[in-house]
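Okay, here's what each chain looks like letter by letter:
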Amino acid sequence: TSGDHYLTLSIVLTAICLFCGSWWSLLCTIPAILFALNAKSAEERGDLASARSNTNLALGLDIAAVVFYVVIVVVIIASVTGSILSGGSYYTYYDSYYK
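So, how was this worked out
Residues numbered from 1 in each chain as written. Predicted model: local features only at pLDDT ≥ 70, side-chain atom pairs only at ≥ 80, totals over all residues. Heavy atoms only, no water. Helix = DSSP H or I, 4+ residues; strand = E, 2+ residues; numbered from the N terminus. Buried < 20%, exposed > 50% of the residue type's maximum accessible area, 1.4 Å probe, protein only. Expected span 1.5 Å × (residues − 1). Contact = heavy atoms within 4.5 Å. Axes fitted to C-alpha atoms, helices over the stretch in contact; angles between N-to-C directions. Parallel < 35°, antiparallel > 145°, perpendicular 65-115°, else oblique. Left-handed = near helix turned anticlockwise from the far one by under 90°. Nonpolar A, V, L, I, M, F, W, Y, C, P; charged D, E, K, R; others polar.

**Points about the environment of Val71**
Here is step 1: Along the chain, Val71 turns up in helix H3 (residues 48-85).
Here is step 2: Val71 gets classed as partly exposed once you look at its relative accessible area, which sits at 45%.

Shown next, in the form of structure tokens:
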């Protein structure tokens, strides 16, 4: 059976990570593209075991990329929220010191 081997998912995740600033996730999505292409090639050669292995690696890397992306978004939201709740900005410390 001919399949996508998560190539489309890998490309979409790469585009999302690239345009949304989650460059650490690219360390997972770019190899996922390569594994998906290797899986397609292995399937065309008739090496179904290698195709299955590369497909599973591509999916695992895509899942890791999504986890990295979610962690990065949570950290950004937490840091922005913490900054807002702490009373403002970097200058608050200096303003109180020189008063």
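After that view of the structure, there is still more to cover.
**Some words on H3**
Here is step 1: With 38 residues, H3 should reach 56 Å at 1.5 Å per residue; the first-to-last C-alpha distance of 55 Å fits that figure.
Here is step 2: Among the residues of H3, Ala51, Asn54, Thr55, Ala58, Asp62 and Ala65 are the ones counted as buried.
Here is step 3: In this structure, the buried residues of H3 make contact with helix H1 (7-19) and helix H2 (26-45).

**What to know about H2**
Here is step 1: For H2, built from 20 residues, the straight-helix expectation of 28 Å at 1.5 Å per residue is met to within 8% by its first-to-last C-alpha distance of 29 Å.
Here is step 2: Buried residues of H2: Leu26, Cys28, Thr29, Ala32, Ile33, Ala36, Ala39, Ala42 and Glu43, and no others.
Here is step 3: Looking at the buried side of H2, the elements it contacts are H1 and H3.
Here is step 4: Following H2 by one or two positions, Gly46 has its phi on the positive side, about 95°.

**Overview of the packing of H1 against H2**
Here is step 1: Two elements in contact, H1 and H2, have axes separated by 9 Å at closest approach and are oriented at 160°. Judged by the angle between their axes, H1 and H2 are roughly antiparallel. In this structure, the crossing between H1 and H2 has a hand that is left-handed. Of H2, the residues touching H1 (which contributes Leu7, Ser10, Ile11, Leu13, Thr14, Cys17 and Leu18) are Leu26, Thr29, Ile30, Ala32, Ile33, Ala36, Leu37 and Lys40.
Here is step 2: Taken together, the residues that form the contact of H1 with H2 break down as 11 nonpolar, three polar and one charged.

**Considering unusual backbone geometry**
Here is step 1: Of note in the backbone geometry, His5 takes a positive phi value of approximately 60° without being a glycine.
Here is step 2: Considering the arrangement of structural elements, one finds His5 in the segment before H1.
Here is step 3: The class of His5 is buried, set by a relative accessible area of 12%.
Here is step 4: Unlike most non-glycine residues, Tyr6 shows phi in positive territory, near 65°.

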